[in-house]
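# Architecture at a glance
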Amino acid sequence: MRFTILVIIAVATALYLGGWTAAWAVRESSEIGTVSVGAWVANPFAGAPDADPYSKARLAKVGNLTLGIGEGVLFRAEEDDNGQPLRRECSYLIEGTTPPARVFTLVPFTPDGRLVRPPSGQPGWLTSNNLMREEDNSFAIAVGPRARAGNWLATQGEGPLVLTLSLYDTPVSSASGAASLRLPSLVRKGCLDG
Amino acid sequence: MGKLVLSLLIGLVGAGLVHIAVIFAMPSVAERNAWSRLADLGEPYALVRVQPLESEPGTVSASTDAPVGDFAFVDPAFITAGCRFSLERGPVRIYARERNITFWSASIYNRQGDNLYSINDRAAIDGIVDLLVGTRDQIVDAEAENETGGSRIPVEVETVEGYMTIRALVDEESKRPFVDSFIQSVQCEAAEELAGR
């Protein structure tokens, strides 16, 4: 009888702890294998057959369609350069250049991957082909709910914000040195009151 | 008391094993992976659209009759479509009848969601979408029968079931109708249908 109870204790511990740590690891392991440049974070190996098992497990749960190496790399920002979380009611300035790419897009999302769609007629996403650029080929993009002159990416509502910068057909996605990249800065400029 | 500690220790070791087993099993048993989301949208070999999710449902959503998959972080600057296929009875041919005027890229995944192969318009021959996806033996057979001539690109994959996605850029709204008809012209065909012609 005592032996049975001990076996039950051992099995229960194994199942409970094992399941809980696995769930926790999948939830919290999002930084394994990522490359971060300033505020931007990417996982160039996400979805590859030789990716680490934790990101494979997470990907299976999320069900995203990852970009292949021949397609591009998706960088994601959840915080600005000072480490403050991005908010939809705040305005930001994105300034600088990107690594060489055929085309890149800048899109605002909610943390669960829904598009932040501004009122109709306002630019809900930007592609590099339509940007106004400085003489040195750099660009400045204002992100926020209030209209700006120049490049403007409209947001609306309140709550957390995730910006994605997707570089398509870029040498960055081949494994060599994604960490030595230069990506644009992301600075908070102010927030709407209330 | 000593036996209790021993059983807890065994439990800890078992927890490690369970942890590893769960992590490795998850891609195969996850219910909401990309494969099953695509399965919600359409039959195998049918080309289905992958739409970005909207943050405020009901505000803009124009077409409610079209099936909408719930994929997160879909780039709205692209028109994205995909199809599922099986290589059990033969290779699958993925081709577009039209040429695209903008950037496009395509990916082949296995059922678990590993990205096995990707290509874009510059890497493709003449910028044409024309892939023959099969296992090693199927590709060798197809080449022996000279089915892989011209611009067709043979793609060897080690999987039985899989899916592909194709994305085409809409950098200006005026180009949307052209890109849209390009995506509509993409077909996934099982090899038997090819042989039947």
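Residues numbered from 1 in each chain as written. Chains lettered and ligands numbered in written order. Predicted model: local features only at pLDDT ≥ 70, side-chain atom pairs only at ≥ 80, totals over all residues. Heavy atoms only, no water.

### Describing a nonpolar patch on the surface
Residues and elements named next belong to chain B. Taken together, M1, L4, V5, L8, L9 and L12 make up a surface patch of nonpolar side chains, about 570 Å² in accessible area. Along the chain, the position of V5 falls in helix α1 (residues 2-29). On the basis of relative accessible area, V5 is assigned to the partly exposed category, the value being 41%. (Patch = residues over 30% accessible without salt bridge, like charges linked within 9 Å, V, L, I, M, F, W, Y side chains within 5 Å. Areas by Shrake-Rupley, 256 points an atom, 1.4 Å probe, with all protein chains shown as cover. Salt bridge = Lys/Arg side-chain N within 4 Å of Asp/Glu carboxyl O. Helix = DSSP H or I, 4+ residues; strand = E, 2+ residues; numbered from the N terminus. Buried < 20%, exposed > 50% of the residue type's maximum accessible area, 1.4 Å probe, protein only.)

### Observations regarding the packing of aromatic side chains
Within the structure shown, the criterion is met by seven aromatic pairs over all chains. When the centroid spacing of 5.4 Å and the interplanar angle of 35° are considered together, the rings of F104 of chain A and F139 of chain A count as tilted. A residue pair is termed long-range when its members are at least 10 positions apart, and F104 of chain A in strand β5 (residues 103-109) and F139 of chain A in strand β8 (residues 139-144) qualify at 35 residues. Consider the rings of Y109 of chain B and Y163 of chain B, whose centres lie 4.8 Å apart with planes at 15°: the pair is stacked. Taken as a pair, Y109 of chain B in strand β5 (residues 104-110) and Y163 of chain B in strand β9 (residues 161-169) lie far apart in primary sequence, 54 residues in all. As far as burial versus exposure is concerned, Y109 of chain B and Y163 of chain B are alike and both buried. Through a chain of ring-to-ring contacts, three or more aromatic side chains come together here, namely Y168 of chain A together with F78 and F103 of chain B. We note R93 of chain B situated over the ring of Y95 of chain B; from NZ or CZ to the ring centre the distance is 4.1 Å. (Phe/Tyr/Trp six-rings, centres within 6.5 Å; stacked < 30°, edge-to-face > 60°. Lys NZ or Arg CZ within 6 Å of the ring centre and 35° of its normal.)

### Overview of the packing of helix α1 (residues 2-28) of chain A against α1 of chain B
Contact pair α1 of chain A / α1 of chain B: the axes reach a minimum separation of 6 Å and the direction vectors enclose 35°. Both α1 of chain A and α1 of chain B take part in a crossing whose hand is right-handed. Classifying every residue of the contact of α1 of chain A with α1 of chain B gives 18 nonpolar, eight polar and two charged. (Axes fitted to C-alpha atoms, helices over the stretch in contact; angles between N-to-C directions. Left-handed = near helix turned anticlockwise from the far one by under 90°. Nonpolar A, V, L, I, M, F, W, Y, C, P; charged D, E, K, R; others polar.)

### What about the state of the cysteines?
Residues and elements named next belong to chain B. According to the stated counting rule, one finds two disulfides over all chains in the structure shown. One disulfide in the model links C83 with C188; its S-S distance is 2.0 Å. Residues C83 and C188 are joined by a disulfide whose S-S torsion is about -95°; by sign, that bridge is left-handed. Within this pair, whereas C83 is found in strand β3 (residues 78-86), its partner C188 is found in strand β10 (residues 186-190), the two being separated by 105 residues in sequence. As far as burial versus exposure is concerned, C83 and C188 are alike and both buried. (Disulfide = S-S within 2.5 Å.)

### Thoughts on the environment of A168 of chain B
Mapped onto the fold, A168 of chain B is located in strand β9. The sequence separation of A168 of chain B and V179 of chain B amounts to 11 residues, and the corresponding C-alpha distance is 6.7 Å.

### Observations concerning the interface of chain A and chain B
Facing 59 residues of chain A, the contacting portion of chain B comprises 58 residues. Counting the surface lost from both chain A and chain B, the interface buries some 4,800 Å², and carbon and sulfur atoms represent 62% of this. If you sort the residues of chain A by the area they bury against chain B, L65, E71 and R102 of chain A come out on top, with a joint share of 15%. At the junction of chain A with chain B, the criterion picks out three salt bridges. As a salt-bridge pair, D121 of chain B and R102 of chain A come within 2.9 Å of each other at their nearest N and O atoms. For the side of chain A that touches chain B, the secondary-structure elements that each account for two or more residues are α1, α2 (53-62), β5, β6 (114-115) and β10 (162-168) of chain A. At 14 residues, the largest contribution of residues to the side of chain A that touches chain B is made by α1 of chain A. Its residues placed into classes, the side of chain A that touches chain B shows 29 nonpolar, 19 polar and 11 charged. (Contact = heavy atoms within 4.5 Å. Buried area = accessible area lost by both parts, 1.4 Å probe.)

### Regarding the domain arrangement of chain A
All names here are of chain A. Under the domain assignment, chain A is made up of domain 1 (1-31) and domain 2 (35-191). Of note, the centres of domain 1 and domain 2, computed from C-alpha atoms alone, are 38 Å apart. Each partner contributes to the interface: domain 1 provides four residues, whereas domain 2 provides four residues. With both sides pooled, the region where domain 1 packs onto domain 2 buries about 380 Å², and carbon together with sulfur makes up 69% of that total. Seen at the junction of domain 1 and domain 2, the total is zero salt bridges. Our count for the domain 1 to domain 2 interface comes out at zero residue pairs in polar contact (both at pLDDT 80 or more). (Domains from an automatic or database assignment. Polar contact = N/O pair within 3.5 Å; in protein donor to acceptor, adjacent residues only side chain to side chain.)

### What about the nonpolar core?
Residue and element names in this part refer to chain A. If you look at the biggest cluster of nonpolar residues, it comprises 29 residues, and the most contacted ones within it are W40, F75, I94, L106, I141, L163 and L186. Secondary-structure elements contributing two or more residues to this core are β1 (35-37), β2 (40-42), β3 (72-77), β4 (90-96), β5, β8 and β10. Among all residues touching L186, those that are not within four sequence positions of it are A39, W40, A77, E79, D80, D81, L86, Y92, L93, I94 and L163. (Core = buried A, V, L, I, M, F, W, Y, C linked by side-chain atoms within 4.5 Å.)

### Details of the sheet that holds strand β9 (residues 151-154) of chain A
All names here are of chain A. Across the sheet, which stays open at both edges, the four strands sit in the order β9-β8-β4-β11 with mixed pairing between neighbours. Of all strands in the sheet, those bounded by a partner on one side alone are β9 and β11 (185-191). Averaged over all neighbouring strand pairs, the angle between strand axes comes to 20°, with direction disregarded. Where β4 meets β8, five bridges bridge the pair, whose relative direction is antiparallel. Within the sheet, the bridge partner assigned to Y92 lies in β8 and is V143. (Pairing = 2+ DSSP bridges.)

### Describing unusual backbone geometry
Negative phi characterises most residues that are not glycine, and trans characterises most peptide bonds. Residues and elements named next belong to chain B. Phi is positive for Y45, which is not a glycine, with a value near 70°. Along the chain, the position of Y45 falls in the loop between α2 (34-41) and β1 (48-50). One non-glycine residue, F73, lies in positive phi territory at about 55°. In this fold, F73 is placed in the loop between β2 (53-54) and β3.

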